[in-house]
Amino acid sequence: MQSVTFRLATALKISSVPFRTPVKFNTFHLSAVNMAVKVGDSLPSAELHEDTPQTKINIAEEVKGKKVIIFGVPGAFTPGCSATHLPGYLEKAAELKKKGISEIFCVAVNDAFVMKAWGDHNKAEGKVRFLADPNLEFAKKLGVEHEIPVLGGWRSKRYSMVVDDGKITQLNIEPDGTGLSCSLAEGLKI
Ligand code: BEZ
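This is a predicted model, so every value here is computed, not measured. Residue indices follow the written sequence of each chain, beginning from 1 at its first position. Since the coordinates come from a predicted model, pLDDT governs what is reported: local features require at least 70, and pairs of side-chain atoms require 80 or more to be given and counted, while whole-chain, interface and lining totals use all residues. As a convention, hydrogens and water are excluded, and side-chain values are obtained from all of the structure's heavy atoms.

This next bit is on the environment of Gly100. Helix numbers and strand numbers start at the N terminus; a helix is a DSSP run of H or I with at least 4 residues, a strand a run of E with at least 2. Among the structural elements, Gly100 can be located in the loop between α3 (79-98) and β6 (103-108). With 32 residues separating them in the primary sequence, Gly100 and Val68 have C-alpha atoms 8.5 Å apart.

Pasting the structure below:
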């Protein structure tokens, strides 16, 4: 169904239709999902939240002039994210920073309080910063939105990326959205 969606979207030149915009085509409706960003693209501008919903971080502004890692997870406190994905970045944070990484950001479609609690629980201060994307603004702009009914609905695929002065220079999106393979910390070449 998804490939039909993309083919029709391309044919109709509607590849930039907003996320889940219903597209009326003869007698049935389609839902369009954004195409993912790629290496060489600029990191999109999006408002994320750190610690509280009131603390707004424009991610495109935040990464200007820096080399950073951003990794996205399906959800705070989920078993795979807590036991495997996050620990890899926490363990490697010092080494990655010695090699020129200014910041490591973890992003999820959760609220800012949950993201802060997850960071505090993992004693991540000074290693990884936790940014909340509660309304999928960043996930949709990256094209990594992913429906995960067991987590309650639309979340983010699992991914990692390196962003150098605003440009995406490495990008690893898990092919099935939630697996723990290419997006792990050891997959980045720093
Ligand atoms: C996880 O453990 O990371 C996970 C669990 C359920 C859905 C997606 C991810």
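Two aromatic rings from Phe, Tyr or Trp, using only the six-membered ring of Trp, form a pair when their centres are within 6.5 Å; if the ring planes differ by under 30 degrees the pair is stacked, by over 60 it is edge-to-face, and anything between is tilted. Across all of its chains, the model carries three aromatic pairs by this definition. Relative to Phe130, the ring of Trp118 lies with its centre 5.6 Å away and its plane at 75 degrees, an arrangement referred to as edge-to-face. One end of the pair, Trp118, is in helix α4 (residues 112-121); the other, Phe130, is in strand β7 (residues 129-132), and twelve residues separate them in sequence. For the exposure calls, accessible area comes from a 1.4 Å probe over protein chains only, and a residue counts as buried if that area is under 20% of its type's maximum, exposed if over 50%, partly exposed in between. Overall, Trp118 belongs to the buried group, its relative accessible area being 0%. Aromatic ring contacts, followed pair by pair, group Phe77, Trp118 and Phe130 into a single cluster.

Attention now goes to the nonpolar core. Among the nonpolar cores identified, the biggest contains 24 residues, and Ile104, Trp118 and Val128 are the most heavily contacted of them. Of all elements in the fold, only β5 (67-73), α3, β6, α4 and β7 reach the threshold of two or more residues within this core. Among the elements that take part in this core, α3 stands out by supplying six residues, more than any other. Sequence-distant contacts of Val128, defined by excluding residues within four places in its chain, comprise Phe71, Leu86, Tyr89, Leu90, Ile104 and Cys106. Side-chain atoms within 4.5 Å are what join buried Ala, Val, Leu, Ile, Met, Phe, Trp, Tyr and Cys residues into a set we call a nonpolar core. Throughout, a contact is declared for two residues whenever any of their heavy atoms are within 4.5 Å.

UniProt positions are given in the numbering used here, feature names are shortened, and annotations may be inferred rather than shown by experiment. The UniProt record marks Cys81 with the feature "active site" (unreviewed entry), using the residue numbering of this structure. With respect to the helices and strands, Cys81 occurs in helix α3. Relative accessible area serves as the criterion here: at 0%, Cys81 is assigned to the buried category. Other than its neighbours up to four places away in sequence, Cys81 contacts Val73, Pro74, Gly75, Leu86, Pro87, Trp118 and Arg158.

Tracing the sequence through the fold places Tyr159 in strand β10 (residues 159-164). Sequence spacing of Tyr159 and Ile173 is 14 residues, and the spatial spacing of their C-alpha atoms is 4.2 Å. With residues near it in sequence (within four places) discarded, Tyr159 still touches Ile70, Phe71, Gly72, His85, Val107, Phe138, Leu142, Val144, Asn172, Ile173 and Ser183.

What follows covers the environment of Glu125. One can find Glu125 in the loop between α4 and β7. For Glu125, a relative accessible area of 78% puts it in the exposed group. Residues Glu125 and Leu90 lie 35 residues apart in sequence; the distance between their C-alpha atoms is 9.7 Å.

Turning to the site of the ligand, a few remarks are in order. Residue proximity to a molecule or strand is established when one non-hydrogen atom of the residue lies within 4 Å of it. All residues adjacent to the ligand are Pro74, Thr78, Pro79, Gly80, Cys81, Ile148, Val150, Leu151, Arg158 and Thr178. In protein, a polar contact means a hydrogen-donor-capable atom and an acceptor-capable atom, both N or O and within 3.5 Å, with residues adjacent in sequence counting only if both atoms are side-chain atoms; elsewhere, any N or O pair within 3.5 Å suffices. In the environment of the ligand, an oxygen atom lies 3.5 Å from a nitrogen or oxygen atom belonging to the backbone of Cys81. The Shrake-Rupley method, run with a 1.4 Å probe, gives the accessible areas here. Residue values count only the displayed protein chains as cover. Alone, the ligand offers 260 Å² of accessible surface; in the complex the protein occludes 77% of this. The greatest single-element share of the shell around the ligand, amounting to three residues, is contributed by α3.

Looking now at the pairing of β7. Along β7, one buried face is formed by Arg129 and Leu131 and the opposite face, lined by Phe130 and Ala132, is buried too. Any two strands are treated as partners once DSSP identifies two or more bridges connecting them. Across four bridges, β6 lies against β7 in parallel orientation. Its bridge partner being in β7, Cys106 is matched across the sheet by Phe130. On the question of chirality, the crossover connecting β6 to the parallel β7 by way of α4 is right-handed. Crossover handedness is defined here as right-handed if the route from the first strand over the helix to the second strand goes clockwise, with the strands pointing away from the viewer.

The rule for a salt bridge is simple: a side-chain nitrogen of Lys or Arg has to be within 4 Å of a carboxyl oxygen of Asp or Glu. Evaluation of the coordinates by the stated rule reveals ten salt bridges. The partner of Arg129 in a salt bridge is Glu62, with the nearest N and O atoms 3.0 Å apart. Of this pair, Arg129 sits in strand β7 while Glu62 sits in helix α2 (residues 59-62), placing them 67 residues apart in sequence. Glu62 matches Arg129 in its accessibility class, with the two residues each being buried. A salt bridge links Glu95 to Lys92; its shortest N-O distance comes to 3.4 Å. Linking Glu95 with Lys92, this pair stays in helix α3, spanning three residues, or about one helical turn.

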